[in-house]
Amino acid sequence: MMDRKYMKIALELAKNGEGRVSPNPMVGAIIVKNGSVIAGGHHREYGKAHAEVDAFENATEDVEGATMYVTLEPCSHFGKTPPCADKIIEKKISKVVIGSLDPNPLVAGNGVKKLQDAGVIVGVLEDECKDLNEVFMKYILEKKPFVVMKSAMSLDGKIATYSGESKWISGEESRKNVHKLRNKLSSIMVGVQTVIKDNPELTCRTENGRNPIRIVVDSTLRIPIESKLVEGARDIKTIVATTDRRDKDKEILLKEKGVIILVTEQINNQVDLLDLMKKLGALQIDSVLLEGGATLNFSALAQGIVDKVQVYIAPMIIGGDKAKTIVGGTGVEALTDAFKLRDLKTSLIGQDILIEGYVKKGEE
C-alpha cells in the first residue's frame, strides 16, 4: 500500500513536465527515507536533468540507504545526460520501485539489470504510469506520432449548423480542456478548408502553456497568404503538408513568410497521411492533435493514423440533412468495416459529456 501511495506522488510530479519534455517521456521521482519523503523531482525540459537527478539535487538529507520511487525505468545509456541507473548506484540507494519498464530499445530492462543489487520492484501503478506516457510509448517504438482526433458535436452528431456556424457547440470548460491538450501534445493539425473558412490561430491559451507546432494538410497550397497561420509562421513553427500538385509560385511566397513546406507522397491526389506521419516522426514530432473537419477526419481514420478519439457532446440538438457530422468522406459500406473503439471512458466537463477511446487496430 505504501508503494502505491508514494508512486502516486511521483506520478503527480511527472505531470509537471507536460508539454515541455517531448519527445522524451514525462517522469517523476521521489526519495523516501525512514518513512519520510526527503526529495522529489521530475524531468523538467527536453535535454535537461532526468527526474532521478532532479530528485537527488532536491534532497534535504543524505540519500544513502533510502528508497527511490520512479514512474519509468531509469535510463542505462548515455544520451543527452549520463545514465540515471549509474547515478542511483553511486548514491547508494538501497531499493528502487519502478512504475513501468522503458520500451526504448536502448533501455528496455537494462536499467533494471543494473540496479538488481540495490533491490528492484517493477510494476507499481503500471497502467497509470504507461497511460501517462502513451505518446512516448508509441513514438519510441514506431518513430511516428501519437494521433488524437478531437471533435465537438451536438447530441445528434452535428459539428455545425447547415449554414456552417460552429462557434460554440462545446462549452467553455470543454474549450479550456482542449487548450490543455494543445499544451500537452507537440503539434496540432487541420485541413486547409478549416484555415480558409475559420482563419484560426491554433494557439494554446492555457496559462504558462506552450503553443503546438501548427500543421496544415493542403495538397495544392490553397492556404491564404494573409491567414493568421501564415502571418504568424515566424513566431510559431508552421508546417504545410502538400504534394507534387502544389502551386510552386505560392510555395516561394509561403517560404518567404517562414512557413515550412513538407512534400509527401500522394493518395487519390491528396496528401498521403501515412507518409506524412513518417516525415513528422523524423522531425521529432511525437504527437498530433487532429482538429480536422469531416473530410480530413475520415481520411485519417481510413488510413489508420488515429490512435485515440476524444468527442465532446454538447446538450443541444441541431438537425439538418446538410449539417456536417464529425466524420464525412465516403464512409463505410458495412458495419463490420466501422472504426471501432476500445477502453472507453466518459466524464462530465461542465455541461458537456466527454467520450474518449482508443481506435482498435488489427486483431485488437
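What counts, and where the lines are drawn
- Residues numbered from 1 in each chain as written.
- Predicted model: local features only at pLDDT ≥ 70, side-chain atom pairs only at ≥ 80, totals over all residues.
- Heavy atoms only, no water.
- Helix = DSSP H or I, 4+ residues; strand = E, 2+ residues; numbered from the N terminus.
- Contact = heavy atoms within 4.5 Å.
- Domains from an automatic or database assignment.
- Buried area = accessible area lost by both parts, 1.4 Å probe.
- Salt bridge = Lys/Arg side-chain N within 4 Å of Asp/Glu carboxyl O.
- Polar contact = N/O pair within 3.5 Å; in protein donor to acceptor, adjacent residues only side chain to side chain.
- Phe/Tyr/Trp six-rings, centres within 6.5 Å; stacked < 30°, edge-to-face > 60°.
- Buried < 20%, exposed > 50% of the residue type's maximum accessible area, 1.4 Å probe, protein only.
- Lys NZ or Arg CZ within 6 Å of the ring centre and 35° of its normal.
- Pairing = 2+ DSSP bridges.
- Axes fitted to C-alpha atoms, helices over the stretch in contact; angles between N-to-C directions.
- Core = buried A, V, L, I, M, F, W, Y, C linked by side-chain atoms within 4.5 Å.

### A look at the environment of N58
- For N58, the position within the fold is in the loop between α2 (51-57) and β3 (67-72).
- Placed 187 residues apart in sequence, N58 and R245 show a C-alpha to C-alpha distance of 55 Å.
- Excluding residues that lie within four positions of it along the chain, N58 makes contacts with I38, A39, G40, G41 and R44.

### Looking at the domain arrangement of the protein chain
- Assigned domains of the protein chain: these are domain 1 (1-138) and domain 2 (144-359).
- For domain 1 versus domain 2, the separation of C-alpha centres amounts to 34 Å.
- If you look at the interface, domain 1 gives 11 residues, while domain 2 gives 18 residues.
- Of the roughly 1,200 Å² buried where domain 1 meets domain 2, counting both sides, 45% is carbon and sulfur surface.
- In terms of surface lost to domain 2, no three residues of domain 1 exceed E134, V135 and K138, which account for 46% of the buried area on that side.
- Our count for the contact surface shared by domain 1 and domain 2 stands at 2 salt bridges.
- Between K138 and D307 there is a salt bridge, with the nearest N and O atoms lying 2.8 Å from each other.
- Our count for the contact surface shared by domain 1 and domain 2 stands at 6 residue pairs in polar contact (both at pLDDT 80 or more).

### A look at the packing of aromatic side chains
- Evaluation of the coordinates by the stated rule reveals 2 aromatic pairs.
- Taken together, a centroid distance of 6.2 Å and an interplanar angle of 70 degrees make the contact between F298 and F339 edge-to-face. Residue F298 is located in helix α12 (residues 294-302), and its partner F339 is located in the loop between β14 (308-314) and β15 (341-349); the two are separated by 41 residues in the primary sequence.
- The exposure class of F298 is buried, given its relative accessible area of 13%.
- Between the NZ or CZ atom of K91 and the centre of the ring of F56, over which it lies, the distance is 5.8 Å.
- In this structure, K143 is placed above the aromatic ring of Y139, and the distance from its NZ or CZ to the ring centre is 5.8 Å.

### What to know about the sheet that holds strand β2 (residues 36-42)
- Strand order in the open sheet formed by 5 strands is β2-β1-β3-β4-β5, and the pairing between neighbours is mixed. On the outer flanks of this sheet lie β2 and β5 (120-122), each paired with one strand and no other. With strand direction ignored, the average angle separating the axes of adjacent strands in the sheet is 15 degrees.
- In this sheet, β5 lies alongside strand β4 (residues 95-100) in parallel orientation, the contact comprising 3 bridges. The partner of V97 across the bridge, within β5, is I121.
- Along the sheet face, helix α1 (residues 2-14) touches β1 (28-33), β2, β3, β4 and β5 and points at about 140 degrees away from the line of β1.

### Some thoughts on the nonpolar core
- Counting residues in each nonpolar core, the largest one holds 29 residues, and the members touching the most others are M189, L273, L276, L280, L290 and V306.
- Mapped by element, the contributors of at least two residues to this core are β6 (146-154), β8 (213-217), β9 (238-242), α11 (273-282), β13 (287-290), α12 and β14.
- Ranked by residues supplied to this core, first place goes to α11 with 4 residues.
- If we skip the residues at most four places from it in the chain, V306 touches V147, M149, L290, A300, L301, V359 and K361.
- Within the second largest apolar cluster, 23 residues are counted, among which are I31, A51, F56 and M137.

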